[in-house]
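Listed below, chain by chain, are the residues.
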Amino acid sequence: MKVLEDLLEDVTAGSPTSGLKWTHRSTRKLSRALGRRGMKVGRDTVGRLLRQRKYSLRTNRKYLAGTHHPDRDRQFRYLTRMRRLYFALGLPVISVDTKKKEWVGNFKNPGRCWRRRDREVLDHDFPSWAVGRAIPSGIYDVAYDDGYVVVGTSHETPTFAVAAIRRWWRIVGCRRYPGRKRLLIQADCGGANGCRNWGWKVALQQLADEFGLIITVTHYPPGASKWNPIEHAMFSLISENWAGEPLVDYELILNYIRRTRSETGFRCKAFLDMKYYPQKVKITPEQKAHVRLRPRRVLPGWNYTILPHTTPND
């Protein structure tokens, strides 16, 4: 109908290649607008006409980067190249990040799940009503498609992030990769594991010295955290698994993480870390000088290697 197309013209957007179109006007509003033009058409008929013309209900899609660093594409190519090199050599590659913090208690959790009746939760999410706070720090083994989550209870700090990696290496990594003395960590550009965070580098130096590891870190460019494998291969599955379920205590949170599965065989381990990690710990010049930091030739601000003070036996 030409009249219906005219009504949609000023609010229509779409892809010329796919032909899909969408509008923020509801079928009820369009039905009324057609009535004012002398055409009595019900909302169901309007919906059918829209579908015939390849319109559909759409949502906003987070896709455009707010910042586009000139070296963004070059860094993505380097991330891929390093990952493939370590895979070819049989060396461990882990993707790390911290999931959204959750208040622990009978609070509303976004999402829906199958129930006979609605679950009643607290009407406000006041922190004072919470049992505590859950801070899931994750390690995703890219080659083996499995995860390891350490749920902290205090603060998201570089020391906590590296403590999670240390626990993964002691329990999983050193057994899965016996004799390997190199580790590739791929992380976001900011936060507790940011490329400019000296607390992160100092903590990694301690990890390197403890196990004699040569640790190489490659960071995703600013605004590109959604491409970090841990986001879509692990954290999204965990969020889907506990969607609509109040996270009333820490044990429940751990169980939901441990029971997270995927059709490709993903599995995840989870542990609780109740140690207190203080914030805003100042790094001294002596601590910085102690770090055996070796910037990589390609984009050294985002890529670097930390060498142990004891020589590993490769």
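Residues numbered from 1 in each chain as written. Predicted model: local features only at pLDDT ≥ 70, side-chain atom pairs only at ≥ 80, totals over all residues. Heavy atoms only, no water.

Peer 1: Looking at this structure, how should I read the side chain of Thr98?
Peer 2: Relative to the helices and strands, Thr98 resides in strand β3 (residues 93–98). Aside from chain neighbours lying at most four places away, what touches Thr98 is Ile135, Pro136, Ser137, Glu156 and Phe235. (Helix = DSSP H or I, 4+ residues; strand = E, 2+ residues; numbered from the N terminus. Contact = heavy atoms within 4.5 Å.)

Peer 1: Just checking my understanding: could you explain a positive patch on the surface for this structure?
Peer 2: On the surface, a cluster of positive charge is made up of Arg28, Arg32, Arg36, Arg37 and Arg43. Turning to its location among the elements, Arg36 is positioned in helix α2 (residues 27–36). (Patch = residues over 30% accessible without salt bridge, like charges linked within 9 Å, V, L, I, M, F, W, Y side chains within 5 Å. Areas by Shrake-Rupley, 256 points an atom, 1.4 Å probe, with all protein chains shown as cover. Salt bridge = Lys/Arg side-chain N within 4 Å of Asp/Glu carboxyl O. Lys, Arg positive; Asp, Glu negative; His and termini not counted. Charge placed at Lys NZ, Arg CZ, Asp CG, Glu CD.)

Peer 1: Any chance you could explain the packing of aromatic side chains here in plain terms?
Peer 2: Any two aromatic rings considered together are summarised by their centre-to-centre distance and by the angle between their planes. Evaluation of the coordinates by the stated rule reveals eight aromatic pairs. Relative to Trp227, the ring of Phe76 lies with its centre 6.1 Å away and its plane at 70°, an arrangement referred to as edge-to-face. Of the two residues, Phe76 sits in helix α4 (residues 72–88) while Trp227 sits in the loop between β8 (214–219) and α7 (229–241), which places them 151 residues apart along the sequence. Ring centres 5.9 Å apart and planes at 90° place the aromatic pair Tyr144 and Tyr177 in the edge-to-face group. With Tyr144 in the loop between β5 (132–141) and β6 (146–152) and Tyr177 in the loop between α5 (158–176) and β7 (182–187), this residue pair connects regions lying 33 residues apart in the sequence. With a relative accessible area of 6%, Tyr177 lands in the buried category. (Phe/Tyr/Trp six-rings, centres within 6.5 Å; stacked < 30°, edge-to-face > 60°. Buried < 20%, exposed > 50% of the residue type's maximum accessible area, 1.4 Å probe, protein only.)

Peer 1: Help me understand the pattern of salt bridges, please; the structure alone is not making it clear to me.
Peer 2: It is possible for side chains bearing opposite charge to pair when their charged atoms get close. Applying the stated criterion to the full structure yields six salt bridges. With a closest N to O distance of 2.8 Å, Lys101 and Glu156 form a salt bridge. A residue pair is termed long-range when its members are at least 10 positions apart, and Lys101 in the loop between β3 and β4 (102–104) and Glu156 in the loop between β6 and α5 qualify at 55 residues. Put simply, Asp141 and Arg176 hold a salt bridge, and the shortest N to O gap is 2.9 Å. Within this pair, whereas Asp141 is found in strand β5, its partner Arg176 is found in helix α5, the two being separated by 35 residues in sequence. Overall, the relative accessible area of 0% leaves Asp141 in the buried class. Overall, Arg176 belongs to the partly exposed group, its relative accessible area being 23%. Overlapping salt bridges bring together Asp141, Asp146 and Arg176 as one network.

Peer 1: Looking at this structure, I do not really get the side chain of Lys99. What am I missing?
Peer 2: Turning to its location among the elements, Lys99 is positioned in the loop between β3 and β4. No salt bridge is formed by the buried Lys99; the nearest opposite charge belongs to Glu102, separated by 4.1 Å. Polar side-chain contacts of Lys99 include one of 2.8 Å to the side chain of Ser239. In contact with Lys99, not counting residues within four places along its chain, are Pro136, Phe235, Ile238, Ser239 and Trp242. (Polar contact = N/O pair within 3.5 Å; in protein donor to acceptor, adjacent residues only side chain to side chain.)

Peer 1: What is the right way to read helix α8 (residues 250–258) from this model?
Peer 2: An α-helical turn contains 3.6 residues, so a residue and the one three or four places further along point in the same direction. Turning to α8, its buried residues number three or more, namely Tyr250, Ile253, Leu254, Tyr256 and Ile257. Projected onto a plane normal to the axis of α8, the buried residues spread over an arc of 160° and lie on a single side. Residues of α8 that are buried in the fold lie against β4, β5, β6, α7 and β9 (267–273). Two to three positions downstream of the cap, the backbone nitrogen of Glu251 sits 3.3 Å from a side-chain oxygen, assigning the N-cap of α8 to Asp249. (Arc of directions from axis to C-beta.)

Peer 1: I would appreciate a short explanation of the state of the cysteines in the present structure.
Peer 2: Any covalent bond linking the sulfur atoms of two cysteines counts as a disulfide. With the rule as written, the count across this model stands at zero disulfides. Cys195 supplies the cysteine sulfur nearest to Cys189, a cysteine that is in no disulfide, at a spacing of 3.4 Å. Overall, the relative accessible area of 17% leaves Cys189 in the buried class. (Disulfide = S-S within 2.5 Å.)

Peer 1: What is the right way to look at a nonpolar patch on the surface in this model?
Peer 2: The grouping of Leu122, Phe126 and Trp129 at the surface amounts to a nonpolar patch, some 270 Å² of accessible area in total. Note that Trp129 resides in the loop between β4 and β5.

Peer 1: It is not clear to me how unusual backbone geometry should be interpreted in this structure. Could you clarify?
Peer 2: Phi is positive for Asp145, close to 50°, though the residue is something other than glycine. With a relative accessible area of 19%, Asp145 lands in the buried category.

Peer 1: Mind showing me how you'd approach the packing of α5 against helix α6 (residues 198–211) here?
Peer 2: Two packed helices can be described by the angle between their axes and the distance between those axes. One can describe the packing of α5 onto α6 by two numbers: an axis separation of 8 Å at closest approach and a directional angle of 25°. By the criterion of interaxial angle, the relationship of α5 to α6 is roughly parallel. You can see that α5 and α6 cross each other, and the crossing is right-handed. Counting all contacts with α5, which are made through Pro158, Thr159, Ala161, Val162, Ile165, Arg166, Trp169 and Arg170, the residues of α6 involved are Gly199, Trp200, Ala203, Leu204, Gln206, Leu207, Glu210 and Phe211. When the residues that make up the contact of α5 with α6 are grouped by side-chain class, the tally is 10 nonpolar, three polar and three charged. (Axes fitted to C-alpha atoms, helices over the stretch in contact; angles between N-to-C directions. Parallel < 35°, antiparallel > 145°, perpendicular 65-115°, else oblique. Left-handed = near helix turned anticlockwise from the far one by under 90°. Nonpolar A, V, L, I, M, F, W, Y, C, P; charged D, E, K, R; others polar.)

Peer 1: Help me out: how do you make sense of the nonpolar core in this one?
Peer 2: Generally speaking, a soluble globular protein has its nonpolar side chains buried in company with each other. Of all hydrophobic cores here, the largest spans 34 residues; its most connected members are Trp168, Ile185, Trp200 and Leu204. Those elements that provide at least two residues to this core are β3, β5, β6, α5, β7, α6, β8 and β11 (303–306). Examining the composition of this core, we find that nine residues originate from one element, α5, more than from any other. Leave out the neighbours within four places in its chain, and Trp168 touches Pro92, Ile94, Ile139, Asp141, Tyr148, Gly173, Tyr177 and Leu183. In terms of nonpolar packing, the next biggest core, distinct from the first, is built from 33 residues, Met82, Val93, Leu247 and Ile253 among them. (Core = buried A, V, L, I, M, F, W, Y, C linked by side-chain atoms within 4.5 Å.)

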